[in-house]
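Tertiary structure, described
Listed below, chain by chain, are the residues.
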Amino acid sequence: MSLWKKLLWLVVAALGTWAVAMLALFRGEHISALWIVTAGFCALSISYRFYSKWLATKVLMLNEQRATPALLQDDNKDYVPTNGWMVFGHHFAAIAGPGPLVGPVLAAQFGFLPGTLWILIGATLGGGVHDMIVLFASIRRGGKTLGQMVREEIGRGVGLLALVSVLAIMIILLAVLALVVVQALAESPWGVFTIATTIPIALIMGIGLRTGKVSVTAVTIFGLLGLAFGVWGGQFLAHFPVIESWFRHDQKWLAWAIMIYGLAASILPVWMLLTPRDYLSTFLKLGTVAMLAGAVMLINPTLQMPAITKFIDGSGLVFAGPVFPFVCITIACGAVSGFHSLIASGTTPKMITRESRIRSIGYGAMVTEMMVALMAMIAACVLQPGEYFAINTKGAPTEVVAKISAAGFPVTEAEMQKLATNLGESTMFNRAGGAPTFAVGMANMFARVSTKPTALALWYHFAIMFEALFILTTIDAGTRVGRFLLQDFLGNLWRPLGNTRSWSANFFSSVLLVAAWGWFLYEGVIDPLGGINSLWPLFGLANQLLSVVALCLGTTLLIKMGKSKYLFVTLVPLCFMCAVTFSAGYLKVFSPDPRLGFLSGAQSLLSQAAAVTDSVKAANLARQTTIWRFDAFVAVFFLVLVLMIVLGSARQWWQLLRGTKRVVLHESEFVPLTRAQLAQF
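Residues numbered from 1 in each chain as written. Predicted model: local features only at pLDDT ≥ 70, side-chain atom pairs only at ≥ 80, totals over all residues. Heavy atoms only, no water.

What follows covers the overall build of the protein chain. What the protein chain contains, in helices and strands, is 27 helices and zero strands. For the protein chain, the C-alpha radius of gyration of 24 Å lies close to 26 Å, the compact-globule estimate for 681 residues. Each of the three principal axes of the protein chain carries a C-alpha extent, and together these read 70 × 60 × 55 Å. Buried positions account for 60% of the 681 residues belonging to the protein chain. Sequence-distant contacts, at least 24 apart, represent 83% of the contacts inside the protein chain between residues at least 6 apart. Total accessible area on the protein chain stands at roughly 26100 Å², and carbon and sulfur atoms take up 67% of it. In the protein chain, 47 positive and 30 negative side-chain charges are present, and the distance between their average locations comes to 12 Å. (Helix = DSSP H or I, 4+ residues; strand = E, 2+ residues; numbered from the N terminus. Rg over C-alpha atoms; globule rule 2.2 N^0.38 Å. Buried < 20%, exposed > 50% of the residue type's maximum accessible area, 1.4 Å probe, protein only. Contact = heavy atoms within 4.5 Å. Areas by Shrake-Rupley, 256 points an atom, 1.4 Å probe, with all protein chains shown as cover. Lys, Arg positive; Asp, Glu negative; His and termini not counted. Charge placed at Lys NZ, Arg CZ, Asp CG, Glu CD.)

In structure tokens form, the structure reads like this:
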């Protein structure tokens with residue numbers, strides 16, 4: 001590296017350090033959101049340029065001469081050699097679900113500093129490593145899933161536990177993601193129109209590429225024009241009532257539509273619908289986030305939320321729980337996310353044609369998602385704190401306003417009504433969940449660039465549609481990966497069901513999986529007190545438990561590869577995530593605070609039900625009691641399974657390091673290719 005380059009990187013490092021110092025130490029009345037953007041770009045640049053390259057060359061030793069599963073097992077369905085940029089688009093779209101949007105918004109109740117630090121540190125030192133090493137492992141093992149690799153590398157018993165836990169967690173995650181989409185698109189013709197438009201466009205793109213007569217550039221231009229029409233044209237549906245009625249649907253209809261779409265994405269060849277649609281969605285995702293970053297740099301908004309709020313002690317108005325471990329549980333996909341390991345060992349390794357792309361796709365997509373999470377944090381923290389808490393706190397408007405004002409964040413009903421009117425909504429109270437808050441913050445920044453009086457409402461509804469599209473791309477890839485996992489499990493019961501080359505086995509497994517998460521989704525739609533809503537508190541915990549399993553696998557592989565001196569790469573994130581998940585799980589189950597602990601919450605609801613004279617209300621409270629107890633059972637079930645996996649892994653490490661167990665690597669599964677053979681791809 002030349003002297004000038006060294007100086008340049010020293011300047012980048014100094015700028016990033018200064019930005020973090022300003023965020024952490026400055027306590028004046030005004031601090032610019034630009035410091036968060038600056039810290040993010042510096043962390044992304046340095047970590048990708050140096051840390052990911054070191055991982056690729058020294059730790060994993062990526063080899064361009066090795067053939068990938070996409071080349072060796074090309075079956076025109078799941079294993080399909082695919083253009084590198086399209087694989088990146090698919091992978092990023094699949095991993096970037098609600099986590100980087102909703103998680104930082106909810107965690108903003110602690111202030112902007114805890115969440116920002118966790119995103120910066122977690123993504124660069126934990127999430128990027130987690131994603132990259134699982135993708136590497138799957139490619140080196142023929143595109144096998146996380147469950148298969150744990151069974152083969154750590155042990156059959158541990159592998160079976162991992163397969164059951166991963167599959168159960170996957171069903172919960174998919175159902176929760178689908179519910180978010182349904183709630184965002186209900187009675188939203190613009191959003192439904194945009195998403196519906198992307199499906200035929202993706203099919204045309206996929207078929208055009210597959211013929212070999214159309215270039216990636218031409219297909220991309222066609223797709224972008226079609227996407228622009230879908231995004232821009234949706235706002236004019238109000239002028240055509242008959243056409244608008246085709247795209248205005250309630251939650252039940254949308255639930256069935258998403259189930260059918262998930263089934264199609266799981267069964268159809270990956271090149272036909274899944275890859276081109278995710279690739280297309282990535283342009284909207286990255287384009288919108290880039291616009292948001294540009295708006296921040298242009299208008300230089302001030303962070304209204306304090307760096308640290310009084311709610312770090314666990315008394316939060318948005319959700320209960322202390323800043324540690326719940327900032328790490330709430331912000332999952334933007335920092336460390338177990339769901340990423342499912343995509344990195346599911347669809348993505350079956351499409352990559354060069355090992356060098358493990359770095360740009362595995363690590364690169366993770367740090368790109370880090371920037372999305374930081375933009376979401378900014379969107380939440382540029383709002384007036386009183387408005388932020390009023391949007392996310394449940395209860396009657398009068399009670400909510402009084403509670404928030406008493407906490408030191410003044411807000412009035414008149415201010416909230418004015419906000420709702422400007423957004424084109426009837427009310428902004430009881431809009432908990434994070435997604436509406438992100439949309440309000442995003443709309444506020446975009447509207448300040450425009451002089452139109454209707455700009456705020458226009459950008460707000462655009463943001464809602466954008467969030468739904470953001471999350472839907474996780475459902476289609478997740479369903480396909482879930483089908484792989486289910487076939488791994490069913491193959492142990494009857495071998496033909498585990499054959500991914502069999503159309504009938506694929507169809508049966510896909511229907512079974514969609515029926516599983518679809519049942520929970522539909523229950524959540526028709527019964528606000530039960531169904532999937534009861535699993536919301538488990539979402540972050542279950543997701544992070546998956547990361548523990550993936551990091552256990554990564555640590556095992558490093559030992560087997562003779563890279564014991566580099567164990568800190570996976571072992572440090574693993575120990576930290578164990579502390580996070582098991583402490584959070586203990587608090588969620590056994591905390592005496594009824595707002596936090598499942599068991600104490602159930603007991604509190606039972607006491608309320610006994611004191612209520614209204615039979616209907618008493619029945620609802622009793623039902624909710626059952627739900628909280630079920631949550632406690634599921635949480636304990638997951639925690640015990642993952643603890644057994646960790647202990648089984650630790651036992652394996654001890655045996656390997658002492659030399660009492662033979663190291664078995666699957667070198668026979670790698671077939672080197674010459675550069676000339678690789679050049680055609």
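What follows picks up the thread again.
Every buried residue of helix H19 (residues 413–423) is accounted for by Met-416, Leu-419, Ala-420 and Leu-423. One face of H19 carries all of its buried residues, which in axial projection span an arc of 95°. Of the exposed residues in H19, those oriented more than 90 degrees away from the buried face are Ala-414, Lys-418 and Thr-421. Just past H19, the residue Gly-424 takes up positive phi, approximately 80°. (Arc of directions from axis to C-beta.)

Once that is clear, we can look at the packing of aromatic side chains. By convention here, two paired aromatic rings are described through the distance between centres and the angle between planes. On inspection of all chains with the given rule, the structure shows 24 aromatic pairs. Plain terms: the ring middles of Phe-311 and Phe-389 are 5.3 Å apart, the flat faces sit at 70° to each other, and that makes the pair edge-to-face. With Phe-311 in the loop between helix H13 (274–299) and helix H14 (323–330) and Phe-389 in helix H17 (residues 385–392), the pair connects residues that are 78 residues apart, well separated along the chain. A relative accessible area of 2% places Phe-311 in the buried class. Measuring from ring centre to ring centre gives 6.1 Å for Phe-311 and Phe-409, while their planes differ by 40°; the resulting arrangement is tilted. Here the residue Phe-311 occupies a position in the loop between H13 and H14, and Phe-409 occupies one in the loop between helix H18 (397–406) and H19, the gap between them amounting to 98 residues. Of the two residues, Phe-311 and Phe-409, neither departs from the other in class, the shared state being buried. Among the aromatic residues, those joined into a cluster by ring pairs are Tyr-51, Trp-54, Tyr-363, Tyr-566 and Phe-568. Residue placement shows Lys-350 over the ring face of Phe-484; its charged tip is 4.4 Å from the ring centre. Over the ring of Tyr-48 we find Arg-359; its NZ or CZ atom is 4.4 Å from the centre of that ring. (Phe/Tyr/Trp six-rings, centres within 6.5 Å; stacked < 30°, edge-to-face > 60°. Lys NZ or Arg CZ within 6 Å of the ring centre and 35° of its normal.)

The first and last C-alpha atoms of helix H10 (residues 216–233) sit 25 Å apart over 18 residues, in line with the 26 Å expected at 1.5 Å per residue. Here H10 has its buried residues at Val-219, Thr-220, Gly-223, Gly-226, Leu-227, Gly-230, Val-231 and Gly-233. (Expected span 1.5 Å × (residues − 1).)

A few words on unusual backbone geometry. At the junction of Phe-324 and Pro-325, the peptide bond is cis and its omega measures out at 15° in the coordinates. Take Pro-325: it is sitting in helix H14. Positive phi values are uncommon outside glycine, yet Asn-300 reaches one of about 50°. Within the secondary structure, Asn-300 is located in the loop between H13 and H14. For Asn-300, a relative accessible area of 39% gives the class partly exposed.

With that out of the way, let us pick up the pattern of salt bridges. Two side chains of opposite charge can pair, provided their charged atoms sit close to one another. A full pass over the atoms with the stated rule returns eight salt bridges. Taking the shortest distance from any N to any O, the salt bridge between Arg-141 and Glu-153 comes out at 2.9 Å. Separated by 12 residues along the polypeptide, Arg-141 in the loop between helix H6 (112–140) and helix H7 (146–153) and Glu-153 in helix H7 bring together distant segments of the chain. Residue class for Glu-153 comes out buried when judged on its relative accessible area of 1%. Overlapping salt bridges bring together Asp-78, Arg-480 and Arg-483 as one network. (Salt bridge = Lys/Arg side-chain N within 4 Å of Asp/Glu carboxyl O.)

Once that is clear, we can look at the environment of Leu-7. Turning to its location among the elements, Leu-7 is positioned in helix H1 (residues 3–25). Note: C-alpha distance between Leu-7 and Trp-628 (621 residues apart in sequence) is 57 Å.

So, on to the confidence of the model for the protein chain. The pLDDT averaged across the protein chain works out to 85; a share of 94% of its residues lies at or above 70. Across residues 667–671, confidence stays below pLDDT 50; counting only partners more than four residues off in sequence or on other chains, it has 13 contacts. (pLDDT = per-residue confidence, 0-100.)

Summarising the element assignment, Leu-280 is placed in helix H13. On the basis of relative accessibility, which here comes to 2%, the residue Leu-280 falls in the buried class. Note: C-alpha distance between Leu-280 and Ala-56 (224 residues apart in sequence) is 28 Å. With residues up to four places along the chain from it excluded, the contact list for Leu-280 reads Thr-198, Ile-201, Met-205, Gly-223, Leu-224 and Leu-227.

This next bit is on the environment of Ala-21. Examined against the element boundaries, Ala-21 turns out to sit in helix H1. Here the alpha-carbon distance between Ala-21 and Arg-651, two residues 630 residues apart in the chain, equals 42 Å.

In this section: the side chain of Thr-581. Within the element layout of this structure, Thr-581 appears in helix H24 (residues 568–590). Thr-581 sits in the buried class, given a relative accessible area of 0%. Within the structure, the side chain of Thr-581 is placed 3.4 Å from the backbone oxygen of Cys-578, a separation counted as a polar contact. When sequence neighbours within four positions are dropped, the list of residues in contact with Thr-581 reads Leu-541, Gln-544, Leu-545, Val-548 and Leu-639. (Polar contact = N/O pair within 3.5 Å; in protein donor to acceptor, adjacent residues only side chain to side chain.)

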